Amino acid sequence: MAARFLWASRVASHLRISIVQRGFASVVLKDLKYAESHEWVKIDGNKATFGITDHAQDHLGDVVYVELPDLGRSVSQGESFGAVESVKATSDINSPVSGKVVEVNEVLSESPGLVSSFDSWNVLADVKDLNFEKLDVTVKKCRYLVNTSPYEDGWIIKVELSDAEEAKKLMDSDKYSKFCEEEDAKH
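Residues numbered from 1 in each chain as written. Predicted model: local features only at pLDDT ≥ 70, side-chain atom pairs only at ≥ 80, totals over all residues. Heavy atoms only, no water.

I'd like a rundown of the overall build of the protein chain, residues and numbers included.
Within the protein chain, the regular secondary structure consists of six helices and eleven strands. The proportion of buried residues among the 187 residues of the protein chain is 45%. Here the protein chain displays about 10100 Å² of accessible surface, and carbon together with sulfur accounts for 48% of that area. (Helix = DSSP H or I, 4+ residues; strand = E, 2+ residues; numbered from the N terminus. Buried < 20%, exposed > 50% of the residue type's maximum accessible area, 1.4 Å probe, protein only. Areas by Shrake-Rupley, 256 points an atom, 1.4 Å probe, with all protein chains shown as cover.)

If you want it as structure tokens, here you go:
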């Protein structure tokens, strides 16, 4: 938990947002909005960036494929626009707000694990004194994944908002944290 909180603090500092520490293992960034279907959104003027939450990727496990929408596609709040496939399951990605897709994270086509945090550390856990300059690209990607997150490099799409008021229907970090704790307690 401490390692995740330190990692989240670095990400939050980079994004210039604050975070809140919670009683369960997932990271929730304070200045984002959250949907019950576990997508996050960061609104900046009339644009929004979103992806799946740390809580979602933690439950999914190692992500192996991300289905991305086409540029220019309209997305509607609460409706599916893509999917995340992991070694455990496939899950729809729902739009937390409505708008027109203006950018997709094409890097996810080659490195879908960017939406996962810390998952690839297990690959390197028993190896000591690695020289990453001499290792192949696959292992370098594993190293890179250790330092990424669903909130930073693992964003999925950016949209031009069609109704900024929809964000008011989403949860803040405190409500989302409580929602996740209650959801986890049921399982």
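Provide a residue-level description of the pairing of strand 9 (residues 90-94), including the pertinent values.
Of the strand pairs in this sheet, strand 8 (residues 80-86) and strand 9 are connected by five bridges, and their pairing is antiparallel. Paired with Ser-80 across the two strands is Asn-94, which belongs to strand 9. Taking the residues that link successive antiparallel strands as the turn, the strand 8-strand 9 hairpin has three residues. (Pairing = 2+ DSSP bridges.)

I'd like to hear about the sheet that holds strand 10 (residues 99-104), residue by residue, with values.
By way of backbone hydrogen bonds, the strands of a sheet pair with one another, either parallel or antiparallel. Pairing within the open sheet is antiparallel, and its six strands lie in the order 3-4-5-11-10-7. Of all the strands in the sheet, the pair left with one neighbour each is strand 3 (33-34) and strand 7 (74-75). Bridge count between strand 4 (residues 39-44) and strand 5 (residues 47-52): six bridges; the pairing is antiparallel. Counterpart to Val-41 in the pairing with strand 5 is Phe-50.

Explain the pattern of salt bridges to me, and be specific about the residues and the numbers.
Within the structure shown, the criterion is met by two salt bridges. Taking the shortest distance from any N to any O, the salt bridge between Glu-165 and Lys-168 comes out at 2.7 Å. Accessibility expressed as a relative area gives 47% for Glu-165, which makes it partly exposed. Look at Lys-168 and you get exposed, because its relative accessible area is 64%. Here Lys-178 and Glu-182 are joined by a salt bridge, their closest N and O atoms 3.9 Å apart. Taken together, the residues span about one helical turn, with Lys-178 and Glu-182 both in helix 6 (residues 173-186) at a distance of four residues. You can call Glu-182 partly exposed: its relative accessible area is 43%. (Salt bridge = Lys/Arg side-chain N within 4 Å of Asp/Glu carboxyl O.)

Give a detailed account of the packing of aromatic side chains, specifying residues and quantitative values.
Here the structure, examined in full by the defined rule, presents four aromatic pairs. Residues Phe-50 and Phe-81 carry aromatic rings whose centres are separated by 5.7 Å and whose planes lie at 65 degrees to one another, so their mutual orientation is edge-to-face. Pair noted here: Phe-50 is in strand 5 and Phe-81 is in strand 8, with a separation of 31 residues, a long-range link. Classification of Phe-50 as buried rests on a relative accessible area of 0%. By way of ring pairs, the aromatic residues Tyr-34, Tyr-176 and Phe-179 are connected into one cluster. Lying over the aromatic face of Trp-155, Lys-158 brings its terminal NZ or CZ to 4.8 Å of the ring centre. (Phe/Tyr/Trp six-rings, centres within 6.5 Å; stacked < 30°, edge-to-face > 60°. Lys NZ or Arg CZ within 6 Å of the ring centre and 35° of its normal.)

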